[in-house]
Amino acid sequence: MFFFDAVVRVRAGTRTDRGGNTVPDWSAGAVNRLPVAQLNVQPVTQAEAQDATRAAVTTGWRVQSEEGTRPDITAADRLEWRAETYEVDGEVAEWPDPVTGAPHHIEFTMVRATG
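Residues numbered from 1 in each chain as written. Predicted model: local features only at pLDDT ≥ 70, side-chain atom pairs only at ≥ 80, totals over all residues. Heavy atoms only, no water.

(A) Structural context of the environment of D97. Counting through the fold element by element, D97 comes out in the loop between β7 (84-96) and β8 (103-114). For D97, a relative accessible area of 22% gives the class partly exposed. The contact partners of D97, leaving out residues within four places of it in the chain, are A102, P103 and H104. (Helix = DSSP H or I, 4+ residues; strand = E, 2+ residues; numbered from the N terminus. Buried < 20%, exposed > 50% of the residue type's maximum accessible area, 1.4 Å probe, protein only. Contact = heavy atoms within 4.5 Å.)

(B) Seen up close, the side chain of D77. Within the element layout of this structure, D77 appears in the loop between β5 (55-65) and β6 (78-81). Accessibility expressed as a relative area gives 2% for D77, which makes it buried. At a separation of 2.9 Å, a polar atom in the side chain of D77 contacts the side chain of R11. If we ignore the near neighbours within four places in the chain, the residues touching D77 are R9, V10, R11, W26, D72, E87 and V88. (Polar contact = N/O pair within 3.5 Å; in protein donor to acceptor, adjacent residues only side chain to side chain.)

(C) Spotlight on the pairing of strand β2 (residues 13-16). Relative to strand β3 (residues 22-25), β2 runs antiparallel, the two being bridged by four bridges. Looking at the pairing, T14 lines up with P24 of β3. The hairpin turn running from β2 into β3, its antiparallel successor, is five residues long, and G20 in that turn takes a positive phi close to 85°. (Pairing = 2+ DSSP bridges.)

(D) The pattern of salt bridges, seen in detail. For the structure on display, the rule yields seven salt bridges. Measuring nitrogen to oxygen at the nearest pair gives 3.1 Å for the salt bridge that ties R11 to D72. Of this pair, R11 sits in strand β1 (residues 5-11) while D72 sits in the loop between β5 and β6, and the two are 61 residues apart along the sequence. Notably, a salt bridge pairs R62 with E107, separated by 3.0 Å at the nearest N-O pair. Residue R62 is found in strand β5, and its partner E107 is found in strand β8; the two are separated by 45 residues along the sequence. Among the residues examined, R62 registers a relative accessible area of 33% and is labelled partly exposed. For E107, a relative accessible area of 14% puts it in the buried group. In the salt-bridge network here, residues are joined through shared partners; they are R9, R11, D72 and D77. (Salt bridge = Lys/Arg side-chain N within 4 Å of Asp/Glu carboxyl O.)

Read these as layout, nothing more, since geometry by itself doesn't imply function.
Dropping the structure here:
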C-alpha cells in the first residue's frame, strides 16, 4: 500500500455548560489541530436515503496508518480531508505487531453525512 495521504485531526476543547457539566467545545478557538501524515485513505461506503423533507448522502472512507506508526486519533475526533470535515465512525483499531506486540498500525472509518 501507499501511505501518501494526510488529514488534520481536530480535537474538541472543553467548556462548562449552564448546568456545571464539562462538555466538548468545537469553537474555532477551543479546538486542537494536528496534521497527521503517512496514511492510506480508500473509499468504503456510500449510501443515500430519502424522505419527504430531504435526501441524505453518507460517504465513508477506510483509513490505515503506515506500518510502525500510531497517530493520535480517537473516536471523539473530527478529521479534515480534501476541504471537508469527517467524523470517526466507531473506535480506532490498533493492530499489534505479531512478533513484538508493539503497535504496528491503526485503522478506522471516517464518515461524512450531507443532506
